Structure formats: structure tokens, C-alpha cells
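Single-letter residue listing:
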Amino acid sequence: MREPHTVALVTGGAGFIGSHLCDRLTADGARVLCLDNLITGRSDNLRSLERERRFDFFEHDVIEPLPPWLSRARITRIYHFACAASPDHYQADPEHTMLTNVAGTRHVLRLAEQTGARLLLASTSEIYGDPEIHPQTEDYAGSVNCTGPRACYDEGKRAAEALTFDFHRHQRADVRVARIFNTYGPRMRCDDGRVISNMACQALSGGDITIYGDGSQTRSFCFIDDMIEGLTRLMECRAAQGLPVNLGNPEELSILALAKRMIELTGSRSRIIQRPLPTDDPRRRKPDIGRALKLLGWRPTVGLEQGLEATIEWFDDERNRIAQPAYVDAPPVATAAE
Ligand code: NAD
Ligand code: UDP
């Protein structure tokens, strides 16, 4: 169970996963401080928390030293999620991505050390690179190309893990490490570049659905609600201290199969077209979630079809919302002639 009087800091809290986490933590009664530089996050993601007394947003880049008042804010939990996660976005400024993971992680770990707050690092299945074992277990050391365009993210996250486990070994901080596998759901951006948001937006607008390469590469997609449940359980689990834990949905499918499923579910007339396969794109990915099941009693409960339907519905609503005229203060006043 969560401790009473939890004060949680969520870095990257205006992003896709971070904003759902802010919602969940405030709903559970925590006071939540959200820190974000808004490079890929949006204040719109925090709309539901606008009037929430126990929620505050601070614009800040974690590469820079953290504001000193944070060490006096009685923080008990730090969810460190700041980092662009889409290949298009994290490769746009690789130096910033690497520094976010190295300098940014150092800043939050030192905050954890000063305050005694427990820290959960959002790591990734990308630390396994293009994996040679399948499915991936936590003891697999990975196969990452440190010279390629994904390295700023993959190696950045590996460095973030290395630093986090050093703080653990030296008893400088109480840490948890989540290795998150592809996660999707409402609040992804249409221009995010990741496969589910791309395909959902392409299918809904009737545009061509892009598969990179021949679409035979696989991924395993986890719905956001399941991920949030896994993350909050992991944070509160004593036995997971200092251990990496895979969180993801083991339901694996090819990208071509995903494109076909998207067309079926949207009833779209979109064509499927091919684009070049990006460099170092992993061939297969599927989590072994045995450790999460054993330590957290967690496994995903939302199947792909159900999760995709909810996501498609959200993107469709968003399209309609954006297409509507915005009545900022009041609806139009009827005139006498009407
Ligand atoms: P996202 O891009 O929607 O969110 C990242 C957030 O971090 C954004 O709000 C962005 O503005 C913020 N940010 C980036 N750099 C920052 C910096 N230097 N200082 C402050 N804020 C910064 O991505 P997401 O999918 O929500 O991913 C969140 C975290 O989860 C990331 O750390 C990512 O590596 C990890 N993760 C996500 C997935 C996934 O499938 N969604 C998979 C593995 C790991
Ligand atoms: N992908 C695709 N079409 C797209 C976007 C991505 O075929 O419009 C592929 C991409 O090459 C990769 C997979 O889908 O093989 C998952 O890509 P994503 O960027 O979502 O996540 P990651 O590669 O980080 O797992």
C-alpha cells in the first residue's frame, strides 16, 4: 500500500506516460509535483488536473540543476520519466537526449539521496538493443550498437541504469528500475512518430499506412492503464529494490499484422505502403514478465484489440475536438434576429 502523505515528483509528467501517472497518483491521494520542459509533452495532457489543489506543474529541463526548493518539498517518491521516447524525437537532438539521461538522472538521484525519497527510473526495453535472446529476461545484458542513431537513447538509458544501480550499491538511494516495453494509449501525439499513433492517425484520416521495411519485425504492445498499474506497484514493492523489472505485454505481433488490425478496427480504406527500415531497428521484442508477476503480482489485463479500440476512439475524439471552433469563455450569444 502507498504511504500516507505521499509527495511525488514526476519528471516528464506532461508526457504520455507521465501525465497518466500524475492522474493516478493524485487520484490515490498523493500531492504531485510535475516537472517538464515540454519538448514532447503538452500542458493539454494535464487538463484534468487544472483545478486539482494537490497538483502543481513546473517548467524545467532536468539537464539543468534542479531548483533548490525541491529538496525542502518533503518529497517521498520520485518517478523519473523525463526523456523523449519516440525515435523521431529523441534523434532530433541526440546530445540533449544523452544529457537528459546522464545529467538529468544524476540530478534526480542526488535529490533522492538528499531527501531520502524513493526513486523509480523509467528505463526501457531498448537497453536490450536488437536482442539475441527471445523473450527478453532481465538478466540478458543486451546487444546495443553504440555508434548508431539510436545510441543516444539506448546507451543513454543504459548509463542512467548504471548510475542508478551505483547509487543503490553504495546505499545512497532507494531505487526501482522499470524496463518499459512499447506502451500505447490515449494522449500519444499524432506527430509522435511511434507506430501506433502513426497508424491510428493515418487510418482515421484515410492516409497511407506506413510500414517500415517489410513489416516482419515484431513488437509487444502494452496498454497505458496496465503500465500505470505496474509502475505504481513496482514503486511500492520492497522486494524490487535495486532490481530491474520488465513491464510490458507479452502479446507479440508483427508490424504488418498490426497495420492490418488497425485497418479492420477503424474500417479505414487506407493503403499499406512501405518505407525504408530505420538503421538498427530491433527485429523482435517481447518481454519475459516472470519477475513482475512474482514480485508485484502484476500482469497486463487489457488485450491488444480492446486497447487499440480505446486508443482509436480517443484519437477520433481529439480530431473532432480540434476541428470544433473553440469557445474559450462562453458559447456564442443568440441575437434577437434568431
Ligand atoms: P513522452 O515523449 O510522451 O514523454 C516524455 C516527457 O519528458 C515529455 O513530457 C517531455 O517534454 C519530457 N522531457 C524530455 N526531456 C526532458 C528534460 N530534459 N527535462 C524535462 N522534461 C523532459 O514519452 P513517454 O512515452 O511518455 O515516455 C516517458 C518515459 O518512459 C521516457 O523516459 C521513456 O524513455 C520511457 N519509456 C517509454 C516507453 C513507451 O513505449 N512509451 C517505452 C520505454 C520507456
Ligand atoms: N514503424 C512502422 N511504421 C511507422 C512507425 C514505426 O513500421 O509509421 C515500425 C518501426 O520501424 C519499428 C516498430 O514499428 O519496427 C515500432 O516502432 P516505434 O517507433 O513505435 O517503437 P520502437 O522502434 O522504439 O520499438
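Relevant structure appears above.
Parameters and conventions
- Residues numbered from 1 in each chain as written.
- Chains lettered and ligands numbered in written order.
- Predicted model: local features only at pLDDT ≥ 70, side-chain atom pairs only at ≥ 80, totals over all residues.
- Heavy atoms only, no water.
- Near = heavy atom within 4 Å.
- Polar contact = N/O pair within 3.5 Å; in protein donor to acceptor, adjacent residues only side chain to side chain.
- Areas by Shrake-Rupley, 256 points an atom, 1.4 Å probe, with all protein chains shown as cover.
- Helix = DSSP H or I, 4+ residues; strand = E, 2+ residues; numbered from the N terminus.
- Nonpolar A, V, L, I, M, F, W, Y, C, P; charged D, E, K, R; others polar.
- Disulfide = S-S within 2.5 Å.
- Buried < 20%, exposed > 50% of the residue type's maximum accessible area, 1.4 Å probe, protein only.
- Axes fitted to C-alpha atoms, helices over the stretch in contact; angles between N-to-C directions.
- Left-handed = near helix turned anticlockwise from the far one by under 90°.
- Contact = heavy atoms within 4.5 Å.
- Parallel < 35°, antiparallel > 145°, perpendicular 65-115°, else oblique.
- Pairing = 2+ DSSP bridges.
- Expected span 1.5 Å × (residues − 1).
- Arc of directions from axis to C-beta.

Chemist: Sorry if this is basic, but what is going on with the site of ligand 2 here?
Modeler: Residues in contact with ligand 2 amount to 17 residues; listed here are only the nearest, T210, Y212, R219, D281 and R285. Y212 is positioned such that a nitrogen or oxygen atom in its backbone is 2.8 Å from an oxygen atom of ligand 2. Here ligand 2 has 520 Å² of accessible area as a free molecule, and 96% of this is covered by the chains. Sorting the residues of the shell around ligand 2 by element identifies α5 (195-205) and β8 (209-212) as the ones contributing at least two each. Here the element with the most residues in the shell around ligand 2 is β8; it accounts for three residues. Each residue belonging to the shell around ligand 2 can be placed in one class, and the counts come to six nonpolar, five polar and six charged.

Chemist: What am I meant to see in the state of the cysteines here?
Modeler: Per the stated rule, a full pass over the model turns up one disulfide. Between C190 and C201 runs a disulfide, and the two sulfur atoms are separated by 1.9 Å. Linking C190 and C201, the disulfide has an S-S dihedral of approximately -90° and is accordingly described as left-handed. Remark: C201 occurs in helix α5 and C190 occurs in the loop between β7 (183-184) and α5; sequence separation between them is eleven residues. Unpaired in this structure, C83 has its nearest cysteine sulfur neighbour in C152, at a distance of 8.1 Å. The class of C83 is buried, set by a relative accessible area of 18%. Unpaired in this structure, C146 has its nearest cysteine sulfur neighbour in C152, at a distance of 12 Å. Judged by relative accessible area, which is 56%, C146 ranks as exposed.

Chemist: Help me understand the packing of helix α1 (residues 16-27) against helix α6 (residues 224-236) in this model?
Modeler: Geometry of a packed helix pair, given as the angle between the helix axes and the separation of the axes. Taken N-terminus to C-terminus, the directions of α1 and α6 make an angle of 65°; their axes are 10 Å apart at the nearest point. Two packed elements cross with a definite hand, and for α1 against α6 that hand is right-handed. From α1, F16, I17, H20, L21, R24 and L25 reach across to α6, where they touch I224, I228, E229, L231 and T232.

Chemist: Looking at this model, I keep getting lost on the packing of α5 against helix α7 (residues 255-266). Mind explaining?
Modeler: Remark: α5 packs on α7, axes separated minimally by 10 Å, with the N-to-C direction vectors making an angle of 40°. The orientation of α5 with respect to α7, classified from their angle, is oblique. Between α5 and α7 the crossing geometry is right-handed. Residue-level inspection shows V195, I196, M199, A200, A203 and L204 of α5 in contact with α7, the latter providing I255, L258, A259, M262 and T266. Here the residues of the contact of α5 with α7 are counted per class, giving ten nonpolar, one polar and no charged.

Chemist: Can you walk me through the sheet that holds strand β5 (residues 118-124) in this structure?
Modeler: Sheets are built from strands paired through backbone hydrogen bonds, the pairs being either parallel or antiparallel. Spatially, β3-β2-β1-β4-β5-β6-β11 is the arrangement adopted by the seven strands of the open sheet, whose pairing is parallel. Pairing within the sheet leaves two strands with one partner each, and these edge strands are β3 (55-59) and β11 (244-247). Ignoring strand direction, the axes of neighbouring strands in this sheet form an average angle of 20°. Where strand β6 (residues 175-180) meets β11, four bridges bridge the pair, whose relative direction is parallel. Note that in β11 the partner of A178 across the bridge is V245. Here α1 sits on the sheet and contacts β1 (7-11), β2 (31-36), β3, β4 (77-80) and β6; the angle it forms with β1, its principal contact strand, is near 170°. α6 rests against β4, β5, β6 and β11 of the sheet, and its axis sits at about 155° to β6.

Chemist: Can you walk me through the site of ligand 1 in this structure?
Modeler: Around ligand 1 there are 30 residues in total, and D36, T40, Y153, K157 and T183 lie nearest to it. One of the backbone N or O atoms of C83 is found 3.3 Å from an oxygen atom in ligand 1. A distance of 2.8 Å separates an oxygen atom of ligand 1 from a polar side-chain atom of K157. Contact with the protein chains removes 97% of the 820 Å² of surface that ligand 1 exposes when unbound. Per-element accounting of the shell around ligand 1 gives the leading share, three residues, to β5. Per-class residue counts for the shell around ligand 1 are 14 nonpolar, twelve polar and four charged.

Chemist: Help me understand helix α9 (residues 304-323), please; the structure alone is not making it clear to me.
Modeler: Helical periodicity: at 3.6 residues per turn, an α-helix aligns residues three or four positions apart in one direction. Over its 20 residues, α9 runs 28 Å from end to end, which matches the ideal 28 Å to within 8%, given 1.5 Å per residue. Within α9, the full set of buried residues consists of L304, G307, L308, T311, I312, W314, F315 and E318. Projected down its long axis, α9 shows its buried positions confined to an angular sector of 160°, all on one face. Opposite the packed face of α9, turned more than 90 degrees from it, sit the exposed residues Q306, E313 and A323. Packed against the buried residues of α9 are β7, α5, β10 (222-223), β12 (252-254) and α7.

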